[in-house]
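Breakdown of the fold
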Amino acid sequence: MKDQFVIAYLADFSMTEAVVSHACQLARMLHKGLILLYVEDSRYKHLPTTAEAEQTLMQIEASHADLKPAHVALKGDTREVINALPTLLNGVVAVAGVNSHAHIGALTHPRRVLRNFSQCKIAYLTVQQPLAPNDAYTDVAYSIDFHKESKEKLIWASYFARFNHSQLLMLHYAYTDSGLYNKWHNNVLFMDKFFAGLNVSYTSQAIQGRALFPETIVCDAAAKAHCSLLISVTTDTRSRDVVEWFAGAQEDRIVRNTHLLPILFINPRNDIYVLCD
C-alpha cells in the first residue's frame with residue numbers, strides 16, 4: 001500500500017475517461033497510489049447507487065491493473081467527503097471532471113465542482129477532456145503577482161519540475177505602480193530562493209493588459225504558450241470584493257476555459273496537505 005493517494009473523483013461517471021486518464025498520469029508522476037472515489041449523495045437525483053457504482057469501479061480498476069488502483073463507494077454529503085480526503089483516504093491531490101454544458105444542478109457543472117471543493121485541503125485538478133496520449137504535463141504555467149497567496153503555487157510547481165521534469169513558465173504582469181511592483185518583486189525573490197534550494201529552474205514571460213479577472217488573461221497566455229496545465233490559487237471568500245460576489249470569482253471562468261486547459265487549484269488555507277517526499 002502507498003502512503004498517499006491520488007483521488008479520481010468520479011462524480012456521476014459521465015467523465016470517467018477524462019478523470020481517470022489525468023489521475024493515472026499524476027499517480028505515475030508522483031509515485032503515489034490511486035483511489036477511484038464515488039459518492040452517492042441523496043441531494044442529487046438519478047445517481048447510481050453505491051452497489052451499482054461498485055460494479056463500474058471494479059471495471060475501471062481492471063482496465064488499469066498496472067497501477068493497482070483501489071476504489072471507494074460511499075453514501076454521504078459530497079462536500080463533507082471531499083473535505084475529509086486527506087484524513088479519510090490519505091489523499092494528496094484530487095481530479096474532478098468539469099462539463100461546461102452540464103445542467104446547473106449536475107455534479108460536473110463548473111460552479112458545482114468549485115463549490116464542492118471550496119474547502120478542500122488538498123490540491124485538485126479540474127479537467128474537461130481526457131489526457132492526450134503525448135501529453136505528460138511537459139509545460140506547466142503559473143502566475144506570480146503581488147498577492148502573498150501567489151507563493152502557494154510554488155510547491156506544486158516544484159513537484160512538476162522535480163518529479164515530471166516539466167518546463168515551468170512563470171507569467172506575470174509588468175507593474176508600473178511602485179508599491180505593487182515591490183510586492184511582486186519580493187514574491188519573485190522568495191520564489192528564486194525556494195527554487196534554488198530544490199535545483200528547479202523556470203522561464204518567465206510578461207503579459208500585457210488589465211482585466212477585471214486577471215487570471216483569465218493568465219490562462220489565455222498559458223494556452224498560447226502551449227502549456228498543458230495551469231496552477232492557480234482560488235479566491236479567498238473572505239477577501240472577495242463586491243464585483244466578485246455578483247459576477248463570480250475568476251476561477252468560475254478559468255475552470256471552464258475554452259482552451260480546455262486543465263487547472264490545478266489550490267485553496268488558500270493554513271492547513272493545506274502536501275506530499276510526503
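In this report, the structure presented in the accompanying data block is examined. (Residues numbered from 1 in each chain as written. Predicted model: local features only at pLDDT ≥ 70, side-chain atom pairs only at ≥ 80, totals over all residues. Heavy atoms only, no water.)

1. As for the overall build of the chain
- Helix and strand counts for the chain stand at ten helices and ten strands.
- By its C-alpha atoms, the chain is 60 × 40 × 35 Å across when sized along the principal axes.
- When the accessible surface of the chain is split by element, carbon and sulfur atoms take 52% of a total near 13200 Å².
- Between the centroid of the 25 positive side chains of the chain and the centroid of its 27 negative side chains there is a distance of 3 Å. (Helix = DSSP H or I, 4+ residues; strand = E, 2+ residues; numbered from the N terminus. Areas by Shrake-Rupley, 256 points an atom, 1.4 Å probe, with all protein chains shown as cover. Lys, Arg positive; Asp, Glu negative; His and termini not counted. Charge placed at Lys NZ, Arg CZ, Asp CG, Glu CD.)

2. What about the side chain of Asn257?
- As for its position among the elements, Asn257 is in the loop between α10 (251-254) and β10 (263-266).
- Note on Asn257: relative accessible area 6%, which makes it buried.
- A distance of 2.7 Å separates the side chain of Asn257 from the backbone oxygen of Ile254, its partner in a polar contact.
- Residues within four places of Asn257 in sequence aside, it is in contact with Gln128, Cys219 and Ile263. (Buried < 20%, exposed > 50% of the residue type's maximum accessible area, 1.4 Å probe, protein only. Polar contact = N/O pair within 3.5 Å; in protein donor to acceptor, adjacent residues only side chain to side chain. Contact = heavy atoms within 4.5 Å.)

3. Side note on the pattern of salt bridges
- Scanning all chains against the criterion turns up six salt bridges.
- Linking Arg28 and Asp66 is a salt bridge whose minimum nitrogen-to-oxygen distance equals 3.1 Å. Of this pair, Arg28 sits in helix α1 (residues 16-30) while Asp66 sits in the loop between α2 (50-63) and β3 (70-75), and the two are 38 residues apart along the sequence.
- The residue Arg43 makes a salt bridge to Asp77 at a minimum N-O spacing of 3.6 Å. A residue pair is termed long-range when its members are at least 10 positions apart, and Arg43 in the loop between β2 (33-40) and α2 and Asp77 in the loop between β3 and α3 (78-83) qualify at 34 residues. (Salt bridge = Lys/Arg side-chain N within 4 Å of Asp/Glu carboxyl O.)

4. Some thoughts on helix α8 (residues 214-224)
- Buried within α8 we find Glu215, Ile217, Val218, Cys219, Ala221, Ala222 and Ala223.
- Buried residues along α8 sit against β6 (139-143), β7 (167-173), β8 (203-207), β9 (229-233), α10 and β10.
- At the exit of α8 stands His226, carrying a positive phi of roughly 65°.

5. A closer look at α1
- In this model, α1 (15 residues) spans 21 Å end to end at C-alpha, consistent with the 21 Å of a helix rising 1.5 Å per residue.
- Within α1, 13 of the 15 residues are buried, which leaves the element mostly enclosed by the surrounding structure.
- His31 occupies a position one or two residues after α1 and carries a positive phi of about 60°. (Expected span 1.5 Å × (residues − 1).)

6. Quick word on the environment of Ala8
- Structurally, Ala8 can be placed in strand β1 (residues 5-9).
- The sequence separation of Ala8 and Val20 amounts to twelve residues, and the corresponding C-alpha distance is 6.1 Å.
- Once you skip the residues sitting within four places of it in the chain, Ala8 turns out to touch Val19, Ala23, Leu34, Ile35, Leu36, Leu37 and Val95.

7. Quick look at the environment of Ile155
- As for its position among the elements, Ile155 is in helix α6 (residues 154-164).
- According to the relative accessible area criterion, Ile155 is partly exposed, its value standing at 27%.
- Measuring from C-alpha to C-alpha, the distance between Ile155 and Val188 comes to 14 Å, with 33 residues separating the pair along the chain.
- Residues in contact with Ile155, not counting those within four places in the same chain, are Phe194 and Val274.

8. Considering the nonpolar core
- Core analysis: the biggest nonpolar cluster contains 93 residues, and Tyr142, Trp156, Phe160 and Ile231 have the highest contact counts within it.
- Looking at this core element by element, the count peaks at nine residues for α1.
- With residues up to four places along the chain from it excluded, the contact list for Tyr142 reads Lys153, Leu154, Ala157, Leu168, Leu169, Met170, Leu171, Met191, Phe195, Tyr202, Leu230 and Ile231. (Core = buried A, V, L, I, M, F, W, Y, C linked by side-chain atoms within 4.5 Å.)

9. Brief notes about the sheet that holds β6
- Spatial strand order, β3-β2-β1-β4-β5-β10-β9-β6-β7-β8: ten strands in an open sheet with mixed pairing. Each having just a single partner strand, β3 and β8 make up the two edges of the open sheet. For this sheet, the mean inter-axis angle between neighbouring strands, taken without regard to orientation, is 25°.
- As judged from the five bridges shared by β6 and β7, these two strands associate in the parallel manner. Each bridged residue has a counterpart across the sheet, and for Ala141 the counterpart in β7 is Leu169.
- With respect to the sheet, α1 is in contact with β1, β2, β4 (91-97) and β5 (123-127), its orientation differing from that of β4 by roughly 155°. (Pairing = 2+ DSSP bridges. Axes fitted to C-alpha atoms, helices over the stretch in contact; angles between N-to-C directions.)

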